[in-house]
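Spelled out from the first residue to the last, the chains are:
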Amino acid sequence: MSSIKIYRARKIITMNRSAPAATHVAVREGRILAVGSAEDAAAWGAGDADARYADHVIMPGLVEGHSHLMAGSLWRYPFVGFHPRTAPDGKRWEGCTDFNAVVQRLRAIEQAMPPGNEPLLAWGFDPIFFGDARMTARDLDQVSATRPIAILHASQHLMNVNTPMLALAGIDADTDIEGIVRDAAGNPSGELQEFAAMFPVNRAIGNEFRLSGMSLEGLRNFGQIARLAGVTTATDLVNDLSDDSLNGLLAATTEAGYPCRVVPAFNSLFGGLTLDESIARVREAALRSHDKLRLGAIKIVADGSIQGFTARVRWPGYYNGAPNGIWILPPDELRARILGFHKAGLQMHIHVNGDEATEVVIDALEAALTAHPRPDHRHTLQHCQMADAAQFRRMAALGLCVNLFANHIYYWGDAHHALTMGPDRANRMDACGTALAHGVPMAIHSDAPITPLGPLFTAWCAVNRRTSSGRLLGEAERITVAQALHAITLGAAYTLQMDDRIGSIEVGKHADFCVMEDDPETVDPAALKDVRIAGTVVGGEPTLGLAGEARP
């Protein structure tokens, strides 16, 4: 048996402008040896021909530049989101389209639980679809007045709990934490906004939502979700890099056939570490990197979520008159951390949703780069949903990258048009066209589990900009299919400082492929989200499903 394997396909989309299409790719030792015609692929010697993809289209393995490993573990809990979703096991969860549907779903689950006080946890809730009404502890007390209940919002930035959970977490009228919503009498309503307000609950439940994402079961499940979406490299942009987390990551990613490369970024909010301690933890963790686990980046969170009204926005503020959002890190601390991590030579991925947060972060990065010039830093603004043309021009001048949350157009575009930003500003949300026009290196993402992992759907969102009701939101910000495919391959790889090894089918790179039954370059752009994924190849080997089968 030869050490070379030659895959043949109906078409290979290389994302390499020097040779954009091919029919054969040769692989040796997990890397791309040659790509082109049959003769080109055989130039290094006869290899073992593999025609399993002869009727398929191959492109580089898709790269999800902003996701979270908990996308694999949250399915341990009931889903109560507005839009229907399909779990990795194939079960379809219908959407909960009013508060009563949420209560009824949880009541049925609670009644099937063993008697006692084991908390009932759920996820995916999104009250923005229910007008001005907000869920309260009393609503969830209808599920159980004795069992603690917590529902994580779709954005992951808010939570709703019942009265027993408030008591378990020690939250009462005297608790002085920003983000605890209160009723007219000053008592906690049951809605908790942002991490500080949610912390007492997370502590009371043993950080179950986050830690379950580091379980071997959760990590395996994430790998399969990625595989089904054609993703061969995905991020975890919120990780504490603790020994438990690292051991879980190492255990999963070194398993034979694990179907995805994982790129965690350390979230400096975790653990109460000082700046110097955070830098040391990242540097120590980076030494444990291997081909399927790349460590060494930093995640910073500036503000909250637009649909949760916790993002920091500039004048004239929220369209419905809601108060401005919450600084996750106060501006002075943001500036200090950005300067410190930049000076230490680390790459930062910085969460900014509102344009006020974007402005503060750009100012801080400009100051850091002025004090400590550094070529090719690739600091990346994540989400960056409300940035305007002037801000994109500044990003380009500073060498910043951007990773835009294109899925928001579909899932929340109607709400942004009517409630959060209003018609004018909603049209410029996730402004892919403006970013590219000003030369800002760009990726687009799903932020899974906030929205389902699926780069081709994300590409469809950026190309078509249709909301869930069918509204065309920001026609001038549409991008082409070719630009969108670049954003979910080489564009995302660039923001991760990995474009030298993934993102295109070129000699020397990892032999990571997305195999499709349809050609995304020739389908109607309106059908881009419907392109069928047949499987993935990682390191030259077809990946396996949970039952051990390769696809196709």
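Remember, it's a predicted structure, so these values are computed and weren't measured experimentally.

Reading the values: the criteria
Residues numbered from 1 in each chain as written. Predicted model: local features only at pLDDT ≥ 70, side-chain atom pairs only at ≥ 80, totals over all residues. Heavy atoms only, no water. Helix = DSSP H or I, 4+ residues; strand = E, 2+ residues; numbered from the N terminus. Rg over C-alpha atoms; globule rule 2.2 N^0.38 Å. Buried < 20%, exposed > 50% of the residue type's maximum accessible area, 1.4 Å probe, protein only. Contact = heavy atoms within 4.5 Å. Areas by Shrake-Rupley, 256 points an atom, 1.4 Å probe, with all protein chains shown as cover. Core = buried A, V, L, I, M, F, W, Y, C linked by side-chain atoms within 4.5 Å. Pairing = 2+ DSSP bridges. Axes fitted to C-alpha atoms, helices over the stretch in contact; angles between N-to-C directions. 1 Å grid on protein atoms, 1.4 Å probe; cavity = no way out; pocket = protein on both sides within 12 Å on 5 of 7 lines; lining within 4 Å. Points joined across faces, edges and corners; volume = space filled by probe spheres on them. Nonpolar A, V, L, I, M, F, W, Y, C, P; charged D, E, K, R; others polar.

**Q** Help me understand the overall build of the chain, please; the structure alone is not making it clear to me.
**A** Of regular secondary structure, the chain possesses 18 helices and 23 strands. Its C-alpha radius of gyration of 23 Å places the chain within 12% of the 24 Å reference for a compact globule of 552 residues. Buried positions account for 60% of the 552 residues belonging to the chain. For the chain, the proportion of contacts with a sequence separation of at least 24, taken over those separated by at least 6, is 72%. Working note: accessible area of the chain is about 20,400 Å², and carbon and sulfur atoms make up 52% of it.

**Q** For this particular structure, what's the right way to read the nonpolar core?
**A** Membership of the largest hydrophobic core comes to 132 residues, with the highest contact counts inside it found for Ile 338 and Met 395. The greatest single-element share of this core, amounting to eight residues, is contributed by helix H11 (residues 355-371). When sequence neighbours within four positions are dropped, the list of residues in contact with Met 395 reads Thr 358, Ile 362, Leu 381, Cys 384, Ala 387, Leu 400, Val 402 and Val 440. Ranked by size, the runner-up nonpolar core spans 16 residues in total, among them Val 80, Val 102, Ala 122 and Phe 130.

**Q** Just checking my understanding: could you explain the sheet that holds strand S18 (residues 380-383) for this structure?
**A** Whether parallel or antiparallel, the strands of a sheet pair through hydrogen bonds between backbone atoms. With parallel pairing, eight strands are arranged side by side in an open sheet as S6-S14-S15-S16-S17-S18-S19-S20. Each edge of the open sheet is held by one strand with a lone partner, namely strand S6 (62-64) and strand S20 (442-444). Averaged over neighbouring strand pairs, the angle between their axes works out to 25° when direction is ignored. Sheet topology places strand S19 (residues 401-404) next to S20; three bridges connect them, and they run parallel. Paired with Asn 403 across the two strands is Ala 443, which belongs to S20.

**Q** What should I look at first to understand the environment of Glu 118 in this one?
**A** Looking at where Glu 118 falls in the secondary structure, it is placed in the loop between helix H2 (99-112) and strand S9 (120-125). Considered as a pair, Glu 118 and Ser 305 are 187 residues apart in the sequence and their alpha carbons are 30 Å apart. The residues touching Glu 118, leaving out its near neighbours within four places in the chain, are Met 113, Arg 147 and Pro 148.

**Q** Teacher, can you tell me more about empty space enclosed by the protein here?
**A** Scanning the entire structure with this criterion turns up three cavities of 30 Å³ or more. Quantified by volume, the largest cavity comes out at close to 110 Å³. Along the walls of the largest cavity sit 14 residues, with His 83, Arg 85, Ala 154, Tyr 411 and Ile 450 positioned nearest its centre. Looking at the lining of the largest cavity residue by residue, the classes come out as eight nonpolar, four polar and two charged.

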